[in-house]
Amino acid sequence: MTLDRRQLLKLTAVAGTLPVPGLRAEASSPVPYQPKKLYHGVAYYPELWPEADIDRDIGEMKKLGINVARMAEFAWSTMEPKQGKKISLDFFKRVMDKLHAAGIDVVLCTPTATPPIWLTHNHPQRCHKNAEGEIYIHGARQHASYEHPAVKKACFRIIKAMAKELGGHPALIAWQLDNEMKAHVAEDFSDAAVAAWHKWLEKRFGTIQQLNKAWGTHIWSQHYQRFEQVPAPLKTPFLHNASLSTAYRMFCRESVADFMVAQRNILKGYSTQPITHNDNPAFNIHHERSMRAQDFASYDAYPTAQQWGSLVFRSDLYRAAIPGRPFWLMETSTAHNGWLGNHQPPHPKGYLVAEAVSVYALGGEAFCYWLWRQQRSGAELPHSAVMSAWFKPSIGYSEVQKVGQAREQLEPLLIGTQVLTPQVAVTYSDHARAMIETEALDKREGFPKRYRGVIEHWHSVIRDLGYHREVRFEGANLSGLKLLITPAMPYVSEAFTQRIFKFVEAGGIWIAGPVTGTRGREHTVPTEAGLGLLDALAGVATRYVVPLTKTNTTGKAFGLSVPLSGWCAALEPELGTESLGVIESGVAAGETFISERKLGRGRVVVLGAQPHGEKGLALVRKMISHYAERAGVTQKFEVTPGTIVSPRMTAAGGELWLAVNMDGKGGRLQLPPRSIEAQTGQSLGHSVEIGPYQWQAINIRSK
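Residues numbered from 1 in each chain as written. Predicted model: local features only at pLDDT ≥ 70, side-chain atom pairs only at ≥ 80, totals over all residues. Heavy atoms only, no water.

## A closer look at the overall build of the protein
Of regular secondary structure, the protein possesses 18 helices and 30 strands. For 703 residues, the compact-globule estimate of 2.2 N^0.38 gives 27 Å, and the protein sits close to it at 26 Å. Considered along the principal axes of its C-alpha atoms, the protein spans approximately 75 × 75 × 45 Å. The burial tally for the protein puts 60% of its 703 residues in the buried class. Restricting the contact set of the protein to residue pairs at least 6 apart, pairs at least 24 apart contribute 73%. Summed over all atoms, the accessible surface of the protein reaches about 28300 Å², with 53% contributed by carbon and sulfur. Looking at the protein, you have 78 positive and 65 negative side-chain charges, and the mean spots of the two groups are 2 Å apart. (Helix = DSSP H or I, 4+ residues; strand = E, 2+ residues; numbered from the N terminus. Rg over C-alpha atoms; globule rule 2.2 N^0.38 Å. Buried < 20%, exposed > 50% of the residue type's maximum accessible area, 1.4 Å probe, protein only. Contact = heavy atoms within 4.5 Å. Areas by Shrake-Rupley, 256 points an atom, 1.4 Å probe, with all protein chains shown as cover. Lys, Arg positive; Asp, Glu negative; His and termini not counted. Charge placed at Lys NZ, Arg CZ, Asp CG, Glu CD.)

Structure (structure tokens):
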């Protein structure tokens, strides 16, 4: 339904009554889970090597403290080399028998990312088609269309066979769905996908008249009489309707998530083991919706030493994705990433250990490498591995040894503890991502080009200020939070507005960042208020929205005068709303760009324009610190940037801090009185030095 400003308070008075797309049913009351150990693992491809090598592999894994192996994600042709023949899983059962006998657990993957040649050869209709109309062929991965009935049938057949035969194996501790869903491809434009698109539209709108109304299709004579007339957004002389482009992205990404749910349902029919998927914010799926298919979240990350922040960001995102369950880092490189077209520089000594400790400290149950033995063929020949192709210790071997030692030290400290629920979070929205890919935020130099870059930037500011934080999906429960920052979310839904209203009334502070509220659900411009429901919630009237990039605009707030850029919502505060930031010069001089409204025991704050450059960053830092203090945030650490701290609650109710230096420059952490070093019991002073890529566990005694 569409709401005007007068209806907002009536709606929000009954907050929590509308369903939230993508929200897991159990998200508000997660089932407690206590890991029994920390995992140190590898991706293992025994089907690529002589079977006689397996015992040697296992012996070497044991030396390094490897206690889990992930297998089979690319092995479909080994299991089912010919169509219609019996699927054979005998080889993998023998490998699992050997691993189990050695005390090494197994994560088994569904092999649907790389279908065998017989499934797609001479069947172009079963293959993925890109936005240029090019049909992909067999030879890499992710070339099949999951929308085609024959592809789905074959996928479900191999999954069912694996689940029936191996789902009860004693080595098996988890399943992984597919591999890096849609890492290499974006939207599918195959005939099967377009047919599914039309069904998706009919389910979404009910009638073609409703679609035409929502999208405003009389513009450029785009009006449709039937759903099958609605095109997929292939190439046109200019641009498609924004509503069409964003909707197609959402259709494709939701469909992938639903395909994952279908895989889950088959596995659960024959196996009780938990299910995950090795995700990454860059992949073209609906990340929040995909969590419906998973029991615990996992991610892949290959950061260089300079990109360590992305590892922390993903840990904070996937820790919050499925509350109550630890996440896994399923893939990272031992020394450097590499494929035929590129490679990264090797890690400096100590960096791999810092990566591993940070993952475990931030709530990870497992830290795993891609891969065990260097590929001797294929497209990823330059990629580092634990062992070389000629089975000698590779460049990262000694660092893997050190990770194994760190895991042994950490395990008795971390098992039985839980990461404290953060009081500060940033919102991540799959819908916002799709909208911003259709309509770019800001093309100024130095501004993140992708949605995840914007969210990661805000996360990094909070992190460097020393706040314990996480990243929560748009549909997530807001329990435990005191300060929520939602940047770059063009559409603010009724369901989200309800939860924000309830959160703020109870004492929380919500900061709506630049661009938030500027578009409607179907990627149209709001017609009842400039920022949709946000105007009424924030107690403002939006006069206009204008781009400030390259206009030499400045604004003043919190005692600072700073450059402004990006799209600006010029705000007119209503009675009871304060103007805290005013544009000093430029096209919108005199207009408010920061407003604050007291609502219940909390506040709604709108940051209507993006502070730019180093001066702008100083304003953002001051603003976050101001509202964190006002919200009563207590989880702030006096620590130098480049060193992170993860606070955990012990079984006895005390606190354990894990401090890790990530930038290789070392750092200093201020400590409360009576702090002690967790491993030795040694009393510590008012601060502790953390060496380059070093870590320290600290018990915080209660007062």
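## Here we look at the pairing of strand S19 (residues 560–565)
One ladder, built from 4 bridges, connects strand S18 (residues 554–557) with S19; its direction is antiparallel. The residue bridging Ala557 from the neighbouring strand is Leu560, located in S19. Bridge count between S19 and strand S24 (residues 610–611): 2 bridges; the pairing is antiparallel. Bridge pairing in S24 places Ser565 opposite Gln610. (Pairing = 2+ DSSP bridges.)

## Digging into the state of the cysteines
In this structure the tally under the stated criterion is 0 disulfides. Here Cys368 stays free of any disulfide, with the sulfur of Cys109 as its closest cysteine sulfur at 10 Å. Cys368 gets classed as buried once you look at its relative accessible area, which sits at 3%. (Disulfide = S-S within 2.5 Å.)

## Overview of the sheet that holds strand S26 (residues 655–661)
With respect to topology, 5 strands assemble into an open sheet ordered S12-S25-S26-S30-S28, the strand pairing being antiparallel. Where the open sheet ends on each side, the last strands, each with one partner, are strand S12 (418–419) and strand S28 (676–677). Direction of pairing for strand S25 (residues 643–649) relative to S26: antiparallel, over a ladder of 7 bridges. The partner of Ser646 across the bridge, within S26, is Leu658.

## Some points on the confidence of the model for the protein
Across the protein, the average pLDDT comes to 94, with 95% of residues at or above 70. Contacts from residues 1–5, a stretch scored under 50 in pLDDT, to residues over four places away or in other chains number 16 contacts. Confidence drops under a pLDDT of 50 for residues 11–30, and excluding neighbours within four residues, the segment shows 38 contacts in the predicted structure. (pLDDT = per-residue confidence, 0-100.)

## Considering the packing of helix H7 (residues 191–205) against helix H9 (residues 242–268)
Following both chains from N to C, one finds H7 and H9 inclined at 105°, their axes separated by 10 Å at the closest point. Taken together, the axis directions place H7 and H9 in an arrangement best described as roughly perpendicular. On H9, the residues touching Ala193, Val194, Ala196, Trp197 and Trp200 of H7 are Leu244, Ala247, Tyr248, Met250, Phe251 and Glu254. Here the contact of H7 with H9 is composed, by residue class, of 10 nonpolar, no polar and 1 charged. (Axes fitted to C-alpha atoms, helices over the stretch in contact; angles between N-to-C directions. Parallel < 35°, antiparallel > 145°, perpendicular 65-115°, else oblique. Nonpolar A, V, L, I, M, F, W, Y, C, P; charged D, E, K, R; others polar.)

## Digging into the packing of aromatic side chains
Scanning the entire structure with this criterion turns up 27 aromatic pairs. Judged by centre distance (5.9 Å) and plane angle (15°), the ring pair of Tyr45 and Phe74 falls under stacked. Taken together, the positions of Tyr45 in the loop between strand S1 (39–43) and helix H2 (54–64) and Phe74 in the loop between strand S2 (68–71) and helix H3 (76–79) put the pair 29 residues apart, joining distant regions of the chain. When the centroid spacing of 6.3 Å and the interplanar angle of 65° are considered together, the rings of Tyr45 and Trp370 count as edge-to-face. Of this pair, Tyr45 sits in the loop between S1 and H2 while Trp370 sits in the loop between strand S11 (364–369) and helix H13 (397–414); the two residues are 325 residues apart in sequence, bridging distant segments of the chain. Members of the aromatic cluster, each reached through a chain of ring pairs, are Phe189, Trp197, Trp200, Phe205, Trp215, Tyr248 and Phe251. Residue placement shows Arg373 over the ring face of Trp49; its charged tip is 3.5 Å from the ring centre. (Phe/Tyr/Trp six-rings, centres within 6.5 Å; stacked < 30°, edge-to-face > 60°. Lys NZ or Arg CZ within 6 Å of the ring centre and 35° of its normal.)

## Re the side chain of Gln263
Within the element layout of this structure, Gln263 appears in helix H9. Overall, Gln263 belongs to the buried group, its relative accessible area being 0%. Among the polar contacts listed, one links the side chain of Gln263 to the side chain of Thr112, at a separation of 3.2 Å. Aside from chain neighbours lying at most four places away, what touches Gln263 is Thr110, Thr112, Phe156, Ile159, Leu177, Asp178 and Met181. (Polar contact = N/O pair within 3.5 Å; in protein donor to acceptor, adjacent residues only side chain to side chain.)

## Observations concerning the sheet that holds strand S7 (residues 298–300)
The strand order S5-S4-S3-S2-S1-S11-S8-S7-S6 describes an open sheet built from 9 strands, whose pairing is parallel. Every other strand in the sheet has two partners, leaving strand S5 (275–276) and strand S6 (278–279) as the edge strands with one partner each. The pairing of S1 with S2 spans 3 bridges and is classified as parallel. When the bridges of S2 are listed, Ala43 appears paired with Arg70. The strands touched by helix H11 (residues 308–321) within the sheet are S6, S7 and strand S8 (327–331), with S7 carrying the most contacts at an inclination of about 160°.

## Quick word on empty space enclosed by the protein
Evaluated as defined, the whole model comprises 6 cavities of 30 Å³ or more. Size it by volume and the largest cavity reaches roughly 70 Å³. Every residue along the wall of the largest cavity is listed here: Leu441, Asp442, Phe447, Val454, Pro487, Ala488, Pro514, Val515, Gly566, Trp567 and Gln610. Its residues assigned to classes, the lining of the largest cavity comprises 8 nonpolar, 2 polar and 1 charged. (1 Å grid on protein atoms, 1.4 Å probe; cavity = no way out; pocket = protein on both sides within 12 Å on 5 of 7 lines; lining within 4 Å. Points joined across faces, edges and corners; volume = space filled by probe spheres on them.)

## Regarding the nonpolar core
Counting 166 residues, the largest nonpolar core has Met71, Leu108 and Trp510 as the members making the most contacts within it. When residues in this core are grouped by element, the largest group, 9 residues, is from helix H12 (residues 351–361). In contact with Met71, not counting residues within four places along its chain, are Tyr44, Pro46, Phe92, Val95, Met96, Leu99, Val106, Val107, Leu108 and Cys109. Grouped together as the second largest cluster of nonpolar side chains are 22 residues, Ala193, Leu201, Ile208 and Leu211 included. (Core = buried A, V, L, I, M, F, W, Y, C linked by side-chain atoms within 4.5 Å.)

## Things to note about a nonpolar patch on the surface
The grouping of Ile219, Trp220, Phe238 and Leu239 at the surface amounts to a nonpolar patch, some 530 Å² of accessible area in total. Tracing the backbone shows Ile219 in the loop between helix H8 (208–215) and H9. (Patch = residues over 30% accessible without salt bridge, like charges linked within 9 Å, V, L, I, M, F, W, Y side chains within 5 Å. Salt bridge = Lys/Arg side-chain N within 4 Å of Asp/Glu carboxyl O.)

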